[in-house]
Amino acid sequence: MTGVQTCALPISLTGETGAGKSILIDALQLVLGERADAAVVRQGAEKAEISAEFDAGAELKRWLADNDLAGDDDSYLVRRVIDAGGRSRAFINGRSVTAAQLREAGDHLVDIHGQHEHQSLLRGASQRALLDAYGDLGEPVAAVAVAWKNWQQVREQLTAQIGRAHV
């Protein structure tokens with residue numbers, strides 16, 4: 001059995017052997033940023049294209065806004081195109097993104113695990129998110145993120161000023 005979890009709503013995907021569960025999970029993993037190669041393109045085809053639309057939760061909405069990828073509504077549309085040569089392009093809400101951004105957004109969305117895998121529990125960011133959610137700390141976490149981003153910008157400006165002063 002393979003499980004898919006989205007927005008704290010657990011979903012179990014079960015079925016007979018050969019029913020296509022693996023194909024669905026593989027496509028979902030590709031659209032969420034897993035490494036792709038030419039083998040996913042059907043023989044004789046020019047490309048493979050995978051699209052998925054999700055409802056964006058509060059955490060993902062913040063991430064999308066911070067990365068200038070917010071859509072027109074509360075949905076999150078992701079598309080991945082892999083050509084026959086193995087090159088891949090990814091899009092979030094119609095904007096081109098890197099595979100790393102796709103994976104980062106996917107981390108806010110879905111946790112795919114098999115019977116004996118608990119991937120998200122091994123990542124520090126996921127542990128923090130669970131604790132923050134348990135403590136109902138959404139607003140303070142967002143405030144700290146804004147303060148951190150502002151501090152980084154000021155630090156970069158200071159470094160640039162110091163570099164110009166030494167020239």
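Up top you'll find the structure we're talking about.
These numbers were taken from a predicted model, which means no experiment stands behind them.

Re the sheet that holds strand β3 (residues 47-55)
Here is step 1: The antiparallel open sheet is built from four strands, whose spatial order is β3-β4-β5-β6. Sheet topology places β3 and β6 (95-97) at the edges, where each strand pairs with a single neighbour. Pairwise comparison of adjacent strand axes, ignoring direction, gives a mean angle of 25° for this sheet.
Here is step 2: Here strand β4 (residues 75-83) pairs with strand β5 (residues 88-92) via five bridges, running antiparallel.

Examining the environment of Asp 132
Here is step 1: With respect to the element layout, Asp 132 can be found in helix α4 (residues 124-134).
Here is step 2: Not counting residues up to four positions away in its chain, the partners in contact with Asp 132 are Leu 137 and Val 141.

A word on the nonpolar core
Here is step 1: With 25 residues, the main nonpolar core has Phe 54, Leu 60, Leu 64, Tyr 76, Val 78 and Ile 92 as its most contacted residues.
Here is step 2: Counting residues per element, the ones that place at least two in this core are α1 (21-31), β3, α2 (58-66), β4, β5 and α3 (99-107).
Here is step 3: Considering every element that reaches this core, the biggest residue donor is β3, with four residues.
Here is step 4: Filtering out sequence-adjacent residues up to four positions away, Leu 60 remains in contact with Tyr 76, Ala 105, His 108 and Leu 109.

Rules of the game
- Residues numbered from 1 in each chain as written.
- Predicted model: local features only at pLDDT ≥ 70, side-chain atom pairs only at ≥ 80, totals over all residues.
- Heavy atoms only, no water.
- Pairing = 2+ DSSP bridges.
- Helix = DSSP H or I, 4+ residues; strand = E, 2+ residues; numbered from the N terminus.
- Axes fitted to C-alpha atoms, helices over the stretch in contact; angles between N-to-C directions.
- Contact = heavy atoms within 4.5 Å.
- Core = buried A, V, L, I, M, F, W, Y, C linked by side-chain atoms within 4.5 Å.
- Buried < 20%, exposed > 50% of the residue type's maximum accessible area, 1.4 Å probe, protein only.

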